[in-house]
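Examination of the molecular architecture
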Amino acid sequence: MTKNLLILAAIVVVGIGAYMIGAQQSAVPPTPEPAMPAAHPPLDAPNPDAHFTHFRVGESNVKSILADGEIIWVGTSGGVIRYDMASDSYKLYDNRTGLLANGIFHLSKLNGQLVAGTYGGGMSILDEQAETWKTYNIPDGLGDGFIYDVLKLENGDVWIATWSGVNRVRGGNLDDRSAWDLYTVANTDGGLPNDWVYALQPGKDGAVWLATEGGLSHFKDGVWQSWGHAEGLGAKYEDVKSQIEFTNDPANYSEHHARQKEEMGLQNVDIAFNPNYIVSLLVDKNDIVWAGTWGGGLSRFDGENWTVYTVDDGLPGNHVFMLHEDEQGKLWVGTNNGLARMDETGFKTYTTSDGLFSNRVFAMTTSDDGSRWIGSFGGVARITSLN
């Protein structure tokens, strides 16, 4: 059903204010509007029948969105934004309010409190009442200060994905240094295929699935298994090289990526492509593993067989940044070139013409009212109807 929403509101990271086209809210002084991403469509006058609302976050990526009742938490490269849908009020948390780093990659709830995974500032947990953050970092047991995901299992163990391995905190006792374990390529004899752990998902009977820069990994009862491109993860370079949008070779600018090419046999690749690199991970309600890769499309793994989906199969792009399963069990895929919903007939694509802020989709959640919140570079789209 169409709702009466204004097309555009703004969350401006510089100065915690909000500025709405055509009206100033709550006597907050207008803030100069940041540049929009190049892919953003021209803005028209506010449409009272619009089915989407846009929120700007300045020159920032939105890498995580968390729906928490009437509260929407937005993780950006400029801090954490708390948006109260009921009061239409905004609050910014950044390094001026207790975070050690403004770049936010992950948001979730841990024991009822917001946990933020930051770029270089460790893992921070918010006490909302006191409005203070408690941060865990390398001296507390973290493998690294770059935190990409946090997962609590039913047995209470907390797993933390970092740039330098994965932590397991036995029983979730974060303040007990002796409860912290760190797993790396070296101490798992390669069971963890790469130390850059990008995402975590729960598996059956206490198992953990891990997305890394070097492939997929599975841990259960002390036993590690891993899969990479050689086993079926990601598309072949020859099949997708003409479809890759990002033509700059990361190895020309980064020693890390140059070394990665050598280690993974990608010396003939001179564009942004690594089929082993899992950027997004989801284990669905049927225990199927979905892995979004860096240029190699979307991979499906049923525990034995791999199926790969690319632009040729209807995906809007082969860089898969985000995976989301909604309340009906539908799979949503965020790519470099739009958002796709997968069903029995294939993929249906949504772009800026359908209400996205940008076609680069990094994050998504569904709020209690059924709205889709979709994060991109520069902003968030709240869409009340995606047909």
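The following paragraphs examine the structure supplied in this document.

Analysis parameters
Residues numbered from 1 in each chain as written. Predicted model: local features only at pLDDT ≥ 70, side-chain atom pairs only at ≥ 80, totals over all residues. Heavy atoms only, no water. Helix = DSSP H or I, 4+ residues; strand = E, 2+ residues; numbered from the N terminus. Areas by Shrake-Rupley, 256 points an atom, 1.4 Å probe, with all protein chains shown as cover. Polar contact = N/O pair within 3.5 Å; in protein donor to acceptor, adjacent residues only side chain to side chain. Phe/Tyr/Trp six-rings, centres within 6.5 Å; stacked < 30°, edge-to-face > 60°. Buried < 20%, exposed > 50% of the residue type's maximum accessible area, 1.4 Å probe, protein only. Lys NZ or Arg CZ within 6 Å of the ring centre and 35° of its normal. Salt bridge = Lys/Arg side-chain N within 4 Å of Asp/Glu carboxyl O. Pairing = 2+ DSSP bridges. Axes fitted to C-alpha atoms, helices over the stretch in contact; angles between N-to-C directions. Core = buried A, V, L, I, M, F, W, Y, C linked by side-chain atoms within 4.5 Å. Contact = heavy atoms within 4.5 Å. Lys, Arg positive; Asp, Glu negative; His and termini not counted.

**Considering the overall build of the protein chain**
Check the secondary structure of the protein chain and you find two helices and 29 strands. Total accessible area computed for the protein chain in this model is approximately 16400 Å², and 46% of it derives from carbon and sulfur atoms.

**Structural notes on helix α2 (residues 255-263)**
With a side-chain oxygen positioned 3.2 Å from the backbone nitrogen of H256, the residue opening α2 is S254. Phi turns positive one or two residues past the end of α2, at G265, with a value near 70 degrees.

**Quick word on the packing of aromatic side chains**
Scanning the entire structure with this criterion turns up 34 aromatic pairs. Note on F105 and Y198: the rings are 5.1 Å apart at their centroids and 75 degrees apart in plane angle, and the pair reads as edge-to-face. With F105 in strand β8 (residues 104-110) and Y198 in strand β16 (residues 197-202), this pair connects stretches of sequence that are 93 residues apart. Assessed through its relative accessible area of 9%, Y198 is described here as buried. Here the aromatic residues F105, Y119, F146, Y148, W163, W196, Y198, F246, Y277, W294, F321 and F362 are joined through ring pairs into a cluster of three or more. Of note, K63 hangs over the ring of F362, and the distance from its end group to the ring centre comes to 5.4 Å.

**Points about the pattern of salt bridges**
Side chains that differ in charge, positive against negative, can pair when their charged atoms come close. Here the structure, examined in full by the defined rule, presents 15 salt bridges. Of the charged contacts in the structure, one is a salt bridge between K261 and D249, with a shortest N-O distance of 2.8 Å. Of the two residues, K261 sits in helix α2 while D249 sits in the loop between α1 (237-240) and α2, which places them twelve residues apart along the sequence. Both residues of the pair, K261 and D249, count as buried. The partner of D326 in a salt bridge is R372, with the nearest N and O atoms 3.4 Å apart.

**Topic: the sheet that holds strand β23 (residues 306-309)**
Read across the sheet, four strands follow the order β20-β21-β22-β23 without closing on themselves; strand pairing throughout is antiparallel. Of all strands in the sheet, those bounded by a partner on one side alone are β20 (274-283) and β23. Averaged over neighbouring strand pairs, the angle between their axes works out to 30 degrees when direction is ignored.

**Focus on the nonpolar core**
Ranked by size, the top nonpolar core spans 21 residues in total, and within it W159, V166, L200, L210 and W224 carry the most contacts. Of the residues forming this core, the biggest block, three residues, is contributed by β16. Those residues in contact with W159 that lie beyond four places of it in its chain are D149, V150, L151, L153, V166, N167, R168, Y183, L200, V208, F219 and W224.

**As for the side chain of R341**
Relative to the assigned elements, R341 resides in strand β26 (residues 338-343). Of the side chains bearing the opposite charge, D343 lies closest to the buried R341, which forms no salt bridge; the N-O distance is 4.7 Å. In this structure the side chain of R341 is engaged in a polar contact, spanning 3.4 Å, whose partner is the side chain of Y350.

**Things to note about the side chain of S108**
Tracing the sequence through the fold places S108 in strand β8. Apart from residues no more than four positions distant in its own chain, S108 is found in contact with L66, Q113, L114, V115 and V150.

**Remarks on the sheet that holds strand β10 (residues 123-127)**
Read from one edge to the other, the open sheet built from four strands follows the order β8-β9-β10-β11, with strand pairing classed as antiparallel. Whereas interior strands pair on both sides, the edge strands pair on one side only; in this sheet they are β8 and β11 (132-136). Direction aside, the axes of adjacent strands within the sheet are offset by 25 degrees on average. Relative to β10, strand β9 (residues 113-118) is paired through four bridges, and the arrangement is antiparallel. Residue pairing across strands places A116 opposite S124, the latter belonging to β10.

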